[in-house]
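# Structure assessment
One-letter residues, chain by chain:
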Amino acid sequence: MNKIVLITGATSGIGKGCAEKFAAARYNLIITGRRKDRLDALKAELESAHSIQVLPLCFDVQDKEAVFNILGNLPAEWQDVDVLINNAGLALGRDNFEDAPLDDWETMLNTNVHGLLYVTRAILPFMIKRKKGHIINMGSVAGKEVYEKGNAYCASKFAVDALNRAMRIDLLKHHIKVTGIHPGAVETEFSLVRYKGDATTAAATYNGITPLTGADVADVIFYCASLPPHVCINDLVLTPTRQADAFYFNRNQ
Ligand code: NDP
Ligand code: 8X3
């Protein structure tokens, strides 16, 4: 029987890369996001390419009621989720602390932290019942080091880092693996969203480097998910070769 992976934020970037990677390995997929047209198109594409089943679920992870209604009531044949990839997330703006719009802060914290908490709690009963499962949380180098004008985004990813560690402790008794993935620069729609449609500023993020792609990160996630039951990668930081950490880039030579 095919395994099941649930990927939040599968309409773009890293989440879409994960959908493609796990589909190619014959997982059945639950894919989520707010853009229904993209979910439907991905379902059609992956089902026909890989002879798998795809369940698209359209909701905002910030909406607690929707998350618990939809994920808490998964059809019986979709409840045995083997891998949950908590990927949906975003940054909004690069503003000084004293200037950043409060709405941006709320959206980032509600999505990156509350959304991850809701989705995980909604899916956990299914994993606990089976005494197995793997939760993969999308952190960032921004959750390892704070940078200028990163304030609430960094805080949200530090929270993901803390939750990743906390989950691993509390879920130990349920035999559930918990892995944190912390990428550096990945060229996706992330910067376009962060800079609110300013394509020039977004593109400058990747000047002089070869950034990671969604597929690169998906490969690493798939590796973590493919290890034997007794092996768990707890925490993994990956960057482009021309990036050392959240601060240092080699854009020149
Ligand atoms: P993209 O913007 O390409 O993808 C973000 C995904 O998250 C989309 O599928 C989007 O779907 C979904 N999403 C955003 N907000 C919500 C919401 N409220 N409810 C449901 N889904 C939502 O960016 P990435 O692929 O780069 O980002 C994925 C994750 O990786 C994020 O958590 C990000 O913080 C993290 N990350 C990214 C890095 C990078 O450099 N790109 C580096 C380190 C970490 P939709 O709009 O359809 O809802
Ligand atoms: C995305 C990477 O460095 O822009 O999480 O914060 S960074």
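Keep in mind the model is a prediction, meaning the values are calculated, not measured.

## Observations regarding the site of ligand 2
What surrounds ligand 2 is the set Ser140, Val141, Ala142, Tyr147, Tyr153, Phe190 and Arg194. Side-chain polar atom of Tyr147 to an oxygen atom of ligand 2: 2.5 Å apart, as the coordinates give it. Between ligand 2 and Tyr153, the relevant distance is 2.6 Å, taken from an oxygen atom to a side-chain nitrogen or oxygen of the residue. Cavity membership is defined here by more than half of the atoms lying within 2 Å of grid points; on that basis ligand 2 lies in the largest pocket.

## So, unusual backbone geometry
At Lys131, a residue that is not glycine, the phi angle is positive and equals roughly 55°. With respect to the helices and strands, Lys131 occurs in the loop between helix H4 (102-130) and strand E5 (133-138). Among the residues examined, Lys131 registers a relative accessible area of 44% and is labelled partly exposed. Unlike most non-glycine residues, Lys196 shows phi in positive territory, near 55°. Its location among the elements puts Lys196 in the loop between helix H6 (190-194) and helix H7 (199-204).

## Side note on the layout of surface pockets
Volume-wise, the largest pocket comes out at about 1100 Å³. Those elements that place two or more of their residues in the lining of the largest pocket are helix H1 (13-24), strand E2 (28-33), H4, helix H5 (151-170) and H6. Counting residues per element, the lining of the largest pocket draws most heavily on H6, at four residues. Across the lining of the largest pocket, the residue classes break down as 21 nonpolar, 19 polar and nine charged. Considering only enclosed or pocket space, the second largest pocket measures out at about 380 Å³ in volume.

Reading guide: rules and limits
Residues numbered from 1 in each chain as written. Chains lettered and ligands numbered in written order. Predicted model: local features only at pLDDT ≥ 70, side-chain atom pairs only at ≥ 80, totals over all residues. Heavy atoms only, no water. Near = heavy atom within 4 Å. Polar contact = N/O pair within 3.5 Å; in protein donor to acceptor, adjacent residues only side chain to side chain. 1 Å grid on protein atoms, 1.4 Å probe; cavity = no way out; pocket = protein on both sides within 12 Å on 5 of 7 lines; lining within 4 Å. Sits in = over half its atoms within 2 Å of the grid points. Helix = DSSP H or I, 4+ residues; strand = E, 2+ residues; numbered from the N terminus. Buried < 20%, exposed > 50% of the residue type's maximum accessible area, 1.4 Å probe, protein only. Points joined across faces, edges and corners; volume = space filled by probe spheres on them. Nonpolar A, V, L, I, M, F, W, Y, C, P; charged D, E, K, R; others polar.

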